[in-house]
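# Chain and residue survey
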Amino acid sequence: MNAVGGSISSSASLFSLGAVRFFNWPLLISSYSSSPSSKILIPTYSNNRTLKSITMPQSSSSSASTTQPSAAEAVTPSPSEVAVEATKPKPKPWLIVGLGNPGKMYNGTRHNVGFEMVDAIAEAEGISMSCVSNKAIFGKGLIGNVPVMLAKPQTFMNASGQSVGAIVSYHKIPLKQVLVIFDDLDLPFAKLRLLPKGGHGGHNGMRSVIDHFKGSKDFPRLRIGIGRPPGKMNPVSFVMRAFNKQERQELDFAFQNGIEAVRILLLEGFDKSATFVNSAKYLEQLS
């Protein structure tokens, strides 16, 4: 006779126990109890070919393996969880609008700094502005994990609201998630100011936007200072002037701060963004 669990002779390879027949039955250890020890059956191939009942301790790891779910079962969502996730409303995107006038003759002028700020954001965030939608040059993308839409209305400045209002209405964007960027005569050159709401301040583009928002002024805006006209120059003529080399350098630096302000606004909230942009001393940093 070999040791338990070993091989048996051919004369003992086939035997019966009651109504059950066993053929080359190897050592079997099964557990049906969670108690520290339980009686289990181990076939021992003795001369009288009987099954002996012995008591063996049951390992805790064996008990745990019979009661704990596998790793795959633990992380697999149930059908109801999947259904709930599928029915969650998608977050509304932010709409970032730069105001300006279309056409080459207006490129690089003071009145078009809103367009230039949106172009700078698009380049920094890798967002293509290759579409035309609702009378605007348009692009979609992400800033961080936040969906955004960028728009440059092509209706001319004084009718900007036609485009902006249509985009907001079509995409059902809350006004608190519409950032309008425009030039401001009353701010020092290259100074940025982020506000949560306000009037048009004599800016006809903003006047049009507010009109198409049914008179609501409750939307954030980023103002870019272009300074006051020199001497007795007509403000209309002044806003159509291009920038000199020094002004362009200062403005490009302001755009970089504007890009950072927009990132903070979308990812960390209005208050942090306003603190950053409204207290920054751009010209001192530049020098």
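Preceding this paragraph is the structure being described.
Residues numbered from 1 in each chain as written. Predicted model: local features only at pLDDT ≥ 70, side-chain atom pairs only at ≥ 80, totals over all residues. Heavy atoms only, no water.

This paragraph deals with the packing of helix 8 (residues 245–268) against helix 9 (residues 270–279). Two elements in contact, helix 8 and helix 9, have axes whose closest approach is 7 Å; the angle formed by their N-to-C orientations is 160 degrees. One way to sum up the angle between helix 8 and helix 9 is to call them roughly antiparallel. Regarding helix 8 and helix 9, the two cross each other, and that crossing is right-handed. Contact with helix 8, carried on its side by Asn257, Glu260, Ala261, Ile264, Leu265 and Glu268, involves Phe270, Lys272, Ser273, Phe276 and Val277 of helix 9 and no other residues of that element. For the contact of helix 8 with helix 9, the residue count by class is 6 nonpolar, 2 polar and 3 charged. (Axes fitted to C-alpha atoms, helices over the stretch in contact; angles between N-to-C directions. Helix = DSSP H or I, 4+ residues; strand = E, 2+ residues; numbered from the N terminus. Parallel < 35°, antiparallel > 145°, perpendicular 65-115°, else oblique. Left-handed = near helix turned anticlockwise from the far one by under 90°. Contact = heavy atoms within 4.5 Å. Nonpolar A, V, L, I, M, F, W, Y, C, P; charged D, E, K, R; others polar.)

Time to look at the packing of aromatic side chains. Here the structure, examined in full by the defined rule, presents 3 aromatic pairs. Ring geometry for Tyr106 against Phe156: centres 6.3 Å apart, planes inclined by 85 degrees, an arrangement best described as edge-to-face. One end of the pair, Tyr106, is in the loop between strand 5 (94–98) and helix 4 (113–125); the other, Phe156, is in the loop between strand 8 (146–153) and helix 5 (160–171), with 50 residues separating them in the sequence. Overall, Tyr106 belongs to the buried group, its relative accessible area being 18%. (Phe/Tyr/Trp six-rings, centres within 6.5 Å; stacked < 30°, edge-to-face > 60°. Buried < 20%, exposed > 50% of the residue type's maximum accessible area, 1.4 Å probe, protein only.)

Take the layout of surface pockets next. When its volume is computed, the largest pocket comes out at roughly 460 Å³. As for the largest pocket, its lining consists of 25 residues, of which His111, Asp183, Gly202, His203 and Asn204 are closest to the centre. Elements with a minimum of two residues in the lining of the largest pocket: strand 9 (178–184), helix 6 (204–212), strand 11 (221–225) and helix 7 (235–239). Broken down by class, the residue content of the lining of the largest pocket amounts to 8 nonpolar, 11 polar and 6 charged. (1 Å grid on protein atoms, 1.4 Å probe; cavity = no way out; pocket = protein on both sides within 12 Å on 5 of 7 lines; lining within 4 Å. Points joined across faces, edges and corners; volume = space filled by probe spheres on them.)

The subject of this paragraph is the side chain of Arg221. By the element assignment, Arg221 lies in strand 11. Only 3.1 Å separates the side chain of Arg221 from the backbone oxygen of Gly198, close enough to count as a polar contact. Ignoring anything within four residues of it in the chain, the contact list for Arg221 reads Leu179, Val180, Phe182, Arg193, Leu194, Leu195, Lys197, Gly198, Gly199 and Met206. (Polar contact = N/O pair within 3.5 Å; in protein donor to acceptor, adjacent residues only side chain to side chain.)

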